[in-house]
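Remarks on the overall topology
One letter stands for each residue in the lines below.
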Amino acid sequence: MPNSFVESLFSLSGQTAVVIGGTGVLGGALCEGLAQAGAHVVVAGRSRERGEERVRAIAALGGSAVYEEVDATSRESLSSLRDRVAAARGAIDILVNCAGVNSATPYEKISDEDWDRVIDTNLKATHWGCQLFAPQMASQPEGGSILNIGSVTSHLPLSRVFAYSASKAAVVNLSKNVAREFAQRKVRVNTLCPGFFPAEQNRKILDKDRVANIMGQTPMARFGEPQELIGAMLLLCSRQAGSFITGAEIYVDGGFTGNRF
Ligand SMILES: NC(=O)c1ccc[n+]([C@@H]2O[C@H](COP(=O)([O-])OP(=O)(O)OC[C@H]3O[C@@H](n4cnc5c(N)ncnc54)[C@H](O)[C@@H]3O)[C@@H](O)[C@H]2O)c1
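Parameters at a glance
Residues numbered from 1 in each chain as written. Predicted model: local features only at pLDDT ≥ 70, side-chain atom pairs only at ≥ 80, totals over all residues. Heavy atoms only, no water. Helix = DSSP H or I, 4+ residues; strand = E, 2+ residues; numbered from the N terminus. Rg over C-alpha atoms; globule rule 2.2 N^0.38 Å. Buried < 20%, exposed > 50% of the residue type's maximum accessible area, 1.4 Å probe, protein only. Contact = heavy atoms within 4.5 Å. Areas by Shrake-Rupley, 256 points an atom, 1.4 Å probe, with all protein chains shown as cover. Lys, Arg positive; Asp, Glu negative; His and termini not counted. Charge placed at Lys NZ, Arg CZ, Asp CG, Glu CD. Near = heavy atom within 4 Å. Polar contact = N/O pair within 3.5 Å; in protein donor to acceptor, adjacent residues only side chain to side chain. Nonpolar A, V, L, I, M, F, W, Y, C, P; charged D, E, K, R; others polar.

1. Points about the overall build of the chain
In terms of helices and strands, the chain carries eight helices and seven strands. Computed over C-alpha atoms, the radius of gyration of the chain comes to 18 Å, within 12% of the 18 Å expected from 2.2 N^0.38 for 261 residues, which places it in the range of a compact globule. The principal-axis extent of the C-alpha atoms belonging to the chain is close to 50 × 45 × 40 Å. Within the chain, buried positions represent 52% of all 261 residues. Contacts in the chain between residues at least 24 apart in sequence constitute 73% of all its contacts with a sequence separation of at least 6. As presented, the chain carries roughly 12,400 Å² of accessible surface, and 53% of it is formed by carbon and sulfur atoms. Taken as two groups, the 26 positive and 26 negative side-chain charges of the chain have centres that lie 2 Å from each other.

2. Things to note about the site of the ligand
Taken together, 27 residues sit near the ligand, with Thr 23, Leu 26, Ala 72, Tyr 164 and Phe 197 positioned nearest. Here Gly 195 contributes a backbone N or O atom positioned 3.3 Å from an oxygen atom of the ligand. Taking Asn 202, its side chain carries an N or O atom lying 3.2 Å from an oxygen atom of the ligand. Notes on the ligand: free accessible area 820 Å², of which the protein chains cover 96%. Secondary structure elements with two or more residues in the shell around the ligand: helix 2 (25-36) and helix 6 (162-182). Among the residues making up the shell around the ligand, the classes are represented as 13 nonpolar, 10 polar and four charged.

Remember, this is a structural readout, not a statement about activity or role.
The structure is reproduced here in structure tokens:
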């Protein structure tokens, strides 16, 4: 029996969601979740092949999506994405800033180039996403919702990923600050902090010792499945269910951070 109460809380029907980095493993699952909740999804990224593959997967689920090219490390590229989507759809209801890169290096050996690559993609691109999309959302009658992607390392320093940890700590701080700034302009800003999910950006980092270490510190003793992020995302992004939630972060991590604060 369809449950209209749950539907009224979580349905994204008629809304437009942009997922920057929707070409990736976690971004792809979030795109599918948004589409299954009824949103038209703009899968944005720098790989047409992967983006179009995701669009086909969404169509196979009965959802609606298009691919749009974007380089998250370019203000002009993000600004053009926003303008194209706003012109085509009339409004942008949801933005998920999900592009991300990682790098594992002993501290003394981090190059400036590597540091900048990680900070530019994970932090500066998130800032640009907020700075460029939040005013557009604030100009719309229904406002909008921005979801930034943190990590368990937003609060806990993880070994060997110094720039990554610093970027993700800053993403939570930035999200709270932008949330306060736009709180009275109908734009909510929250952070989703995943635990450990095998993906492209961390494939090389997850060696045998690190995996053993992670499992030893994850009460559920397993990796997450990308689809397990969808429930928390819908809560934070939904206009109805999340109406009074802003500046918050939710950890989806099998208990990793649970007893460490
Ligand atoms: N996988 C995990 O365990 C985990 C844990 C915590 C947080 N995260 C975060 O989740 C997000 C998604 O990562 P993922 O694990 O799915 O990795 P992923 O490598 O599968 O996806 C990242 C995506 O970002 C895209 N991207 C990178 N730079 C870009 C740019 N300049 N412009 C446009 N797109 C760009 C990549 O092409 C890729 O499609 C990242 O922010 C990551 O830091 C992942």
